[in-house]
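# Coordinates in review
Chain residues, written in single-letter form:
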Amino acid sequence: MNTNAFALRHIGPNEKDQKEMLETLGLDSLDQLIYETVPDDIKLKKGLNLDEPMTEHEYLLHIHDLSKKNKAYKTYIGLGYHPTVMPAVIQRNILENPGWYTAYTPYQAEIAQGRLEALLNFQTMVIELTGMEIANASLLDESTAAAEAMSLLFSVRDRAQKKADINKFFVSENILPQTLSLLETRANPIGIELVVGDEKSFEFSSEYFGAILQYPGRDGQITDIKSFIEKAKEAQIKVAVAADILSLVKLEAPGNFGADVVLGTTQRFGIPMGYGGPHAAYFATKEAYKRDIPGRIIGVTKDANGNRALRMALQTREQHIKRDRATSNICTAQVLLAVMASMYAVYHGPKGLKFIANKIHNKTSKLAEVLESFGYKQVNTSFFDTLQIKTKARKIKKIATRKKVNLCYPDKDTVTISINETTSIRDINYLISIFAEAANKETVVISEVTPANNIDAYLQRKSGFLELDVFNKYHSETQLMRYIKSLERKDLSLNHSMISLGSCTMKLNAASEMLPLSWFKWGNIHPFAPKKQARGYRRVLKKLENQLTEITGFAATSLQPNSGAQGEFAGLMVIKAYHESRNEGHRNICLIPSSAHGTNPASAVMAGMKVIVTKSTDEGNIDVDDLREKAIKHKDNLAALMVTYPSTHGVYESAIKEITQIIHDNGGQVYMDGANMNAQVGLTNPGNIGADVCHLNLHKTFAIPHGGGGPGVGPICVAKQLAPFLPGNPIFKTGGDKAITAISAAPFGSALACLISYGYIKMLGAEGLTQSTKVAILNANYIKHRLDGYYNTLYSGERGRAAHEMIIDCRPFKANGIEVTDIAKRLMDYGFHAPTVSFPVAGTLMIEPTESESKEEIDRFCDAMISIKKEIDSVTKEDTNNVLKNAPHTLDMITSNEWYFPYTREEAAFPLEYIRDNKFWPSVRRVDDAFGDRNLVCSCAPIEDYIEA
């Protein structure tokens, strides 16, 4: 046994276990299972062409050597990204802690109370700093948040504006360039006309429904948002403000001036730059727009005992429910990063944040004073941390580069300098020396900075913030460490037990893949730093693109999209650009099977396409005859088909090549949803099947952790004809020769997280990746077999096999009064997170064990499911006081002096013997979602303030 092989550590069942599982299935070999599962005509004829696998030790040496190719210069570029100080207590106890980074999106609230509290802290922090009424629990990045703000303001136009088709949106020319690019991407498909200009000379016309300002502006000047918003209100124009969250410590909250939306990034709250991400954006607005706010919202409610509990609120906005009419998408979040940013605020508190903000402002002011004494013209009259110097940029750049300092050079006559949390007095003196040399002056050495105020009085912060206990009591490392641990203990993550979520692929996130994320030379590179300083990143990212291109059978890859949903949108926008390049821009029909992911229709609408739904057969497959009929009917306008493979029902549809050919014959392109790529790698691929573009969930198939609901990376891989249209960036050239405008703020999206997938592929190699796919299929079919006779599997392939996941039907249990939710909650008592509930079929569970789970763990899960089936059989519809309806059972219930239930405490808490060894206690009883939606509270106020007597 080669104990150095990473595949041995990644894949759960060993050879002996695999043999036993195959015998249980009546099979002689794993290859026989694959033969019976995957259609012959789509199988690859040869293996993947990838590098030989590295051991974990070899990989860590390799990635360390590559990190040395990154040059971490002193960076003052700004443009939405700044060097920060991540408190070590947060790095060690959250970023590097699998209890936090392996958690899943908190759909099962009772076993997610810890991260829900951290996210509630995040929302509270955002609400108080922005002065708004409601905030979500993060978005992907600032530019995406700005695009969401534009979309929200467009959708909430008043009746008269909609009737008059008012579609103009004003954008300040002082917006971040990457944000403008993304606004352009999102505006055109939904009929919004962008008008870019100077807010000081803007004419407040009734032709506009909305506007967006940068606060402070990209060049550092603090915009007079107060006067602008007042005039906009008079003209019925709603205003979004993109605000630097750290500046809001010193600047008055935009909400107090009447802003309708405030958004930005929380990267400055202790999150490394990471060559562009991942970073949690924030988004706050008025409560009147709560049904239109994007992303998830964490709300306060009560549990079955009336105690305070948290859960995701207003989920009916979500794409998996509302489909093409959705106003939100659960995938557009950066939960792990939001948790870290919230803990930064908890750790520092309002006094600490004021200290940091004042320190930055005072140093910036001192630098301005000295540079002006040298004769430089500093044009910002009101600023927080950024100076705008009018001088010969080339001369400054030459000296600064020689001295390993990065400044920003917007044009040949301008240099901007953004001071940050890490900037010391020594650094200020070093900056002074650069400008002194350029001016042929003797440098000045300062020894201290004094309090300064270069912010206009009417924009200075007067309102308080972060006054609640949580932001004022955990300021020592011991206190914060224990607070973080207390929250972690309330969450069930992969470090406790299997999370068998169908469609979500909760596989191992190996420690060796994660370690480099904390390394200085990966974390401290600005996304717009000169390319020569990011050679390590460039090599990793290019190699990862090539790896993914090979695995998918395509011609090119873009890593830019920051989530699967953004990958869907990017893929469709590339298809749209392709049609336009052929003078076929009229093609706007998107065919989507009824079984498709809920995000697919919403993404198609975002891309300006019209959705036509095709039927499914009784077996859950695409109805090929119906698809052919609709493709022919719409052949003159057919743009695309969106298809998931294997299907969302967990089946390899044998007609997939015929399906893709039908679309091509009628002028369309095929977009393949890569959510189930976990069942393709090494066996087949989208290119071989006939697709033209696919997105990949690197946080599923390629081992980036879910982090409680983000970070995610959703790159797109494309066929040769689509490669020229891969998304670009306004500052760095990326993408194809005819690149569409940006999909995400940074040129390579969440580049830091891409290290994980790079390592995953490097250490597994072609053989390990292929074996992982095979074992994922084995594990799923083993569960299917073990549950046969207890649960009915809804769909299976032509030879009776499942793919890497399957759906079990829980609807017959309604006869006993048991709903699928009761089973999900009861699984918590057995120490398991529920599989995917009621998706894609209501009343079902979709189970995916992944290749990382051992036979022993899978058997425990099956034993739990079988035990629950016996419990179901023992109750009746009239018997509502039963162990399933009362689940989950908390420690408080089990240890209470009173016991009102017709079953024993042991049956409630320890239904199987294995549970005693490692009991996980849900911290609340079943939550009341309806109460929380009727009484929406999304900040840290005590529940007693909202519950009616």
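Reading the values: the criteria
- Residues numbered from 1 in each chain as written.
- Predicted model: local features only at pLDDT ≥ 70, side-chain atom pairs only at ≥ 80, totals over all residues.
- Heavy atoms only, no water.
- Helix = DSSP H or I, 4+ residues; strand = E, 2+ residues; numbered from the N terminus.
- Rg over C-alpha atoms; globule rule 2.2 N^0.38 Å.
- Buried < 20%, exposed > 50% of the residue type's maximum accessible area, 1.4 Å probe, protein only.
- Contact = heavy atoms within 4.5 Å.
- Lys, Arg positive; Asp, Glu negative; His and termini not counted.
- Charge placed at Lys NZ, Arg CZ, Asp CG, Glu CD.
- Pairing = 2+ DSSP bridges.
- Axes fitted to C-alpha atoms, helices over the stretch in contact; angles between N-to-C directions.
- Arc of directions from axis to C-beta.
- Phe/Tyr/Trp six-rings, centres within 6.5 Å; stacked < 30°, edge-to-face > 60°.
- pLDDT = per-residue confidence, 0-100.
- Parallel < 35°, antiparallel > 145°, perpendicular 65-115°, else oblique.
- Left-handed = near helix turned anticlockwise from the far one by under 90°.
- Nonpolar A, V, L, I, M, F, W, Y, C, P; charged D, E, K, R; others polar.

### Here we look at the overall build of the protein
- Scanning the protein from terminus to terminus reveals 30 helices and 26 strands.
- For a compact globule of 949 residues, the expected C-alpha radius of gyration is about 30 Å, and the protein comes in at 28 Å, within 12% of that figure.
- By principal-axis analysis of the C-alpha atoms, the protein measures approximately 85 × 70 × 65 Å.
- Here the protein, with 949 residues, has 65% of them falling under the buried criterion.
- Pairs at least 24 residues apart make up 77% of the contacts formed inside the protein by residues separated by at least 6 positions.
- Seen as two clouds, the 107 positive and the 109 negative side-chain charges of the protein have centres 6 Å apart.

### A few points about the sheet that holds strand β3 (residues 168-172)
- The strand order β2-β8-β7-β6-β5-β3-β4 describes an open sheet built from seven strands, whose pairing is mixed. Bordering the open sheet on either side are β2 (134-135) and β4 (193-197), each of which pairs with just one other strand.
- Inspection of the sheet shows strand β6 (residues 238-243) paired to strand β7 (residues 261-265) by three bridges, in the parallel sense. Opposite alanine 242, over in β7, you have leucine 263 as the bridge partner.
- Here helix α10 (residues 177-187) sits on the sheet and contacts β3, β4 and β5 (208-215); the angle it forms with β4, its principal contact strand, is near 160°.

### Details of helix α5 (residues 88-95)
- The complete set of buried residues in α5 reads Val89, Ile90, Asn93, Ile94 and Leu95. Each buried residue of α5 sits inside an arc of 160° when the element is viewed along its axis, so together they form one side. The exposed residues of α5 that point more than 90 degrees off its buried face are Ala88 and Arg92.
- As for α5, its buried residues are in contact with α6 (98-101), α13 (335-373) and α16 (477-488).

### Regarding the sheet that holds strand β21 (residues 693-696)
- As summarised here, the arrangement of the seven strands in space is β16-β22-β21-β20-β19-β17-β18, forming an open sheet in which the pairing is mixed. Edge positions in the open sheet fall to β16 (556-558) and β18 (610-614), since each of these has one partner strand only. On average, adjacent strands in this sheet sit at an angle of 25° to one another, irrespective of strand direction.
- Sheet topology note: the strand β17 (residues 589-593)/β18 ladder contains five bridges and is parallel. If you follow isoleucine 589 over to β18, its bridge partner there is lysine 610.
- Contacting β19 (638-644), β20 (669-674), β21 and β22 (716-718), helix α20 (residues 564-581) runs over the sheet at an angle of about 170° to β20.
- Along the sheet, helix α23 (residues 656-665) contacts β17, β19 and β20; its crossing angle with β20, the most-contacted strand, is approximately 140°.

### Concerning the pairing of β17
- Most of β17 sits out of view: five of its five residues are buried.
- Every second residue of β17 is oriented toward a common face, with Ile589, Leu591 and Pro593 on one face and Cys590 and Ile592 on the other, all of them buried.
- Strand direction decides the pairing type here: β17 and β19, joined by three bridges, are parallel. Looking at the pairing, leucine 591 lines up with leucine 641 of β19.

### A look at helix α11 (residues 225-234)
- What α11 keeps buried is the set Ile225, Phe228, Ile229 and Ala232. An end-on view of α11 places all buried positions within 95° of arc, on one side of the element.
- Looking at the packing, one finds that the buried side of α11 touches β3, β5 and β6.

### Some words on the pairing of strand β12 (residues 386-390)
- When you tally the buried positions in β12, you get four out of five residues, the bulk of the element.
- Judged from the two bridges that link them, strand β11 (residues 377-378) and β12 form a sheet pairing that is antiparallel. In the sheet register, lysine 377 faces β12, and the bridge partner there is lysine 390.
- Sheet analysis places β12 next to strand β15 (residues 414-418), joined by five bridges and oriented antiparallel. The residue of β15 that forms the bridge with lysine 390 is threonine 414.

### Details of the packing of aromatic side chains
- Counted by the stated rule, this structure contains 28 aromatic pairs.
- Between the aromatic rings of phenylalanine 202 and phenylalanine 204, the centroid separation amounts to 4.9 Å while the plane-to-plane angle is 70°, which identifies the pairing as edge-to-face.
- Relative accessible area serves as the criterion here: at 24%, phenylalanine 204 is assigned to the partly exposed category.
- Ring geometry for tyrosine 275 versus tyrosine 537: centroids 4.7 Å apart, planes at 20°, classification stacked.

### Points about the confidence of the model for the protein
- Averaged over all residues, the pLDDT of the protein equals 95, while 97% of them reach at least 70.
- Confidence drops under a pLDDT of 50 for residues 942-949, and excluding neighbours within four residues, the segment shows eight contacts in the predicted structure.

### Focus: unusual backbone geometry
- A cis amide bond links phenylalanine 839 with the next residue in sequence, proline 840, at an omega value of 0°.
- Position of proline 840 relative to the elements: it lies in the loop between β25 (836-837) and β26 (844-847).
- Going from alanine 887 to proline 888, the amide bond is cis rather than trans, its omega being 0°.
- Along the chain, proline 888 falls in the loop between α27 (855-873) and α28 (891-894).
- Positive phi, normally seen in glycine, also occurs at asparagine 440, with a value near 55°.
- Despite not being glycine, asparagine 583 shows a phi value in the positive range, around 60°.
- When you line up the elements, asparagine 583 lands in the loop between α20 and β17.
- Taking the relative accessible area as the measure of exposure, asparagine 583 reaches 71% and is therefore exposed.

### Structural notes on the packing of helix α4 (residues 56-67) against helix α25 (residues 751-787)
- In the contact formed by α4 and α25, the axes pass within 10 Å of each other and the chain directions differ by 135°. The pairing of α4 with α25 is recorded here as oblique in orientation. Of the two elements, α4 crosses α25, and the hand of that crossing is right-handed. Contacts from Glu56, Tyr59, His62, Ile63 and Leu66 in α4 reach Leu755, Tyr758, Gly759, Lys762 and Met763 in α25.
- Here the contact of α4 with α25 is composed, by residue class, of six nonpolar, two polar and two charged.

### A closer look at the packing of helix α2 (residues 15-24) against α25
- One can describe the packing of α2 onto α25 by two numbers: an axis separation of 10 Å at closest approach and a directional angle of 45°. Looking at the two axes, α2 sits oblique to α25. α2 and α25 meet at a crossing whose hand is left-handed. On α25, the residues touching Gln18, Met21, Leu22 and Thr24 of α2 are Gln771, Val775, Leu778, Asn779, Tyr782 and His785.
- The residue makeup of the contact of α2 with α25, split by class, is five nonpolar, five polar and no charged.

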